[in-house]
Amino acid sequence: MSTMVVPPVLLSPREDAIQLYRAFKGFGCDTATVVNILAHRDATQRVLIQQEYKNIYSEELINRLSSELSGKTKNAVLLWMHDPAGRDATIVRKALSGELIDLQAATEVICSRTPSQIQTFKHIYYSKFGCQVEQDIEFQTSDDHKKLLLAYVTTIRYEGLEFDRTMVEKDAKALFKAGEKKLGTDEKTFIHIFSGRSRAHLAAVSSAYRSMYGSSLKKAVKSETSGKFEFALLTILRCAENPAKYFAKELYKSMKGLGTDDTTLVRIVVTRTEIDMQYIKAEYHRKYRKALTDAIHSETSGNYRTFLLSLVGS
């Protein structure tokens, strides 16, 4: 069983709102207090705190946080304040229409979410930004990458665990024929199968592929495709097999080498904390022989470090 980090005294949302207001008052912001309160509140509590804050002080807490905090801490805290679907919508919208277009971020979020998460996030996207996510994808992406993303957000996929053996083998054959077997690649087949099949089905296709052809489907994707299209296909495939392992690897990539890709680090920690962080930590440790918390500790500092480590939990 996973345990949530619970502060010694559970304060009411009203108390939290008052404490936050006090932390903002005076000269400079008491960021440590802000971080300490918000990092230990779950999605429901965060909504209630925002409501209380608005009732008492007639202003949006999110606006106040935006003007009081700065840098990486600000980015992380603001992202954390959303509910999961609102957060996904915000990340994708910013990635597809902000001043810095980040196709990697948009692709990761879209291709790693379950069909029901995508449906919810699409509704919120439209009500928040007044346009369909499909329009932004259409505008910012191109070629096979665009075709795959559009198919992925519009196809209704099954979410259960059952799959049909015969169909699985048919798909494995089709992918082999579309890739390794021929000169060049039939991208259409990859798009059709990767966007149309359930996770359980795709994971089964992956293992059937290995037993039928003695090589991995991941390798086939890597040798047959490239760029953002390849990244999207691999994200879909890896998340079908083991989402926690996928995110552990992306976290590792964000911190390895010189410097840290903070945008990716924050995005993954914040979006996965309330979903599968325990599993991600276990996968990280298994694969890299190092605790995720140690890696984050050595790559970050100050309130930013405290915030991320509080979310990841010991």
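Residues numbered from 1 in each chain as written. Predicted model: local features only at pLDDT ≥ 70, side-chain atom pairs only at ≥ 80, totals over all residues. Heavy atoms only, no water.

**Quick look at a positive patch on the surface**
Point 1. Together, Arg210, Lys219, Lys222, Lys245 and Lys287 give the surface a local cluster of positive charge.
Point 2. Mapped onto the fold, Lys287 is located in helix H18 (residues 277-288).
Point 3. For Lys287, a relative accessible area of 42% translates into the label partly exposed. (Patch = residues over 30% accessible without salt bridge, like charges linked within 9 Å, V, L, I, M, F, W, Y side chains within 5 Å. Areas by Shrake-Rupley, 256 points an atom, 1.4 Å probe, with all protein chains shown as cover. Salt bridge = Lys/Arg side-chain N within 4 Å of Asp/Glu carboxyl O. Lys, Arg positive; Asp, Glu negative; His and termini not counted. Charge placed at Lys NZ, Arg CZ, Asp CG, Glu CD. Helix = DSSP H or I, 4+ residues; strand = E, 2+ residues; numbered from the N terminus. Buried < 20%, exposed > 50% of the residue type's maximum accessible area, 1.4 Å probe, protein only.)

**Overview of the domain arrangement of the chain**
Point 1. The assigned domain composition of the chain is domain 1 (13-69), domain 2 (84-154), domain 3 (165-241) and domain 4 (244-312).
Point 2. For domain 1 versus domain 3, the distance between C-alpha centres works out to 47 Å. (Domains from an automatic or database assignment.)

**With respect to the packing of aromatic side chains**
Point 1. This structure, assessed with the given rule, holds 14 aromatic pairs.
Point 2. Residues Tyr53 and Tyr57 carry aromatic rings whose centres are separated by 4.9 Å and whose planes lie at 50° to one another, so their mutual orientation is tilted. On the criterion of helical spacing, the pair formed by Tyr53 and Tyr57 is a turn pair, its members being four residues apart in helix H3 (residues 43-57).
Point 3. Judged by its relative accessible area of 0%, Tyr53 falls in the buried class.
Point 4. Take Tyr57: its relative accessible area is 22%, and that puts it in the partly exposed class.
Point 5. Seen in terms of ring centroids, Tyr252 and Tyr288 are 3.9 Å apart; in terms of plane orientation they differ by 5°. Their pairing is stacked. Here Tyr252, found in helix H16 (residues 243-255), pairs with Tyr288, found in helix H18; they are 36 residues apart in sequence, far enough to count as distant. (Phe/Tyr/Trp six-rings, centres within 6.5 Å; stacked < 30°, edge-to-face > 60°.)

**Quick word on the environment of Ala291**
Point 1. Turning to its location among the elements, Ala291 is positioned in the loop between H18 and helix H19 (292-299).
Point 2. Residues Ala291 and Ser314 lie 23 residues apart in sequence; the distance between their C-alpha atoms is 9.5 Å.
Point 3. Other than its neighbours up to four places away in sequence, Ala291 contacts Tyr284 and His285. (Contact = heavy atoms within 4.5 Å.)

**A short note on unusual backbone geometry**
Point 1. Phi is positive for Ser58, which is not a glycine, with a value near 50°.
Point 2. Locating Ser58 in the fold gives a position in the loop between H3 and helix H4 (61-68).
Point 3. Unlike most non-glycine residues, Arg289 shows phi in positive territory, near 50°.

**Focus on the nonpolar core**
Point 1. Leu65 and Phe194 are the most contacted members of the largest nonpolar core, which totals 93 residues.
Point 2. The element best represented in this core is helix H15 (residues 227-241), accounting for nine residues. (Core = buried A, V, L, I, M, F, W, Y, C linked by side-chain atoms within 4.5 Å.)

**Focus: the pattern of salt bridges**
Point 1. What the rule picks out here adds up to 18 salt bridges.
Point 2. Among the ionic pairs, Asp88 bridges to Arg113, the shortest N-O distance being 2.8 Å. Taken together, the residues Asp88 in helix H6 (residues 84-97) and Arg113 in the loop between helix H7 (103-112) and helix H8 (115-129) connect sequence positions 25 residues apart. The residues Asp88 and Arg113 share a single accessibility class, namely buried.
Point 3. Among the ionic contacts, a cluster of salt bridges with common partners joins Glu59, Arg64 and Glu68.

**Observations regarding H8**
The periodicity of an α-helix, 3.6 residues per turn, causes residues three or four positions apart to be oriented the same way.
Point 1. Compared with the 21 Å implied by 1.5 Å per residue over 15 residues, the 21 Å span of H8 between its first and last C-alpha is a close match.
Point 2. Taken together, the buried positions of H8 are Pro115, Ile118, Phe121, Lys122 and Tyr125. Taken end-on, H8 shows its buried residues confined to a sector of 115°, consistent with a single buried face. Set apart from the buried face of H8 by more than 90 degrees, the exposed residues are His123 and Ser127.
Point 3. Considering only its buried residues, H8 is in contact with H6, H7, helix H9 (133-140) and helix H10 (143-154).
Point 4. Where H8 terminates, the next one or two residues include Gly130, which has phi positive at roughly 70°. (Expected span 1.5 Å × (residues − 1). Arc of directions from axis to C-beta.)

**Considerations on the packing of helix H11 (residues 165-178) against helix H12 (residues 187-196)**
Point 1. Closest axis-to-axis distance for the H11/H12 pair is 9 Å, and the angle between their directions is 150°. With respect to H12, the axis of H11 lies roughly antiparallel. Considering how the two elements wind past one another, H11 and H12 form a crossing that is left-handed. Here Asp171, Ala174, Leu175 and Ala178 of H11 come into contact with H12, specifically with Thr189, Phe190, Ile193 and Phe194. (Axes fitted to C-alpha atoms, helices over the stretch in contact; angles between N-to-C directions. Parallel < 35°, antiparallel > 145°, perpendicular 65-115°, else oblique. Left-handed = near helix turned anticlockwise from the far one by under 90°.)

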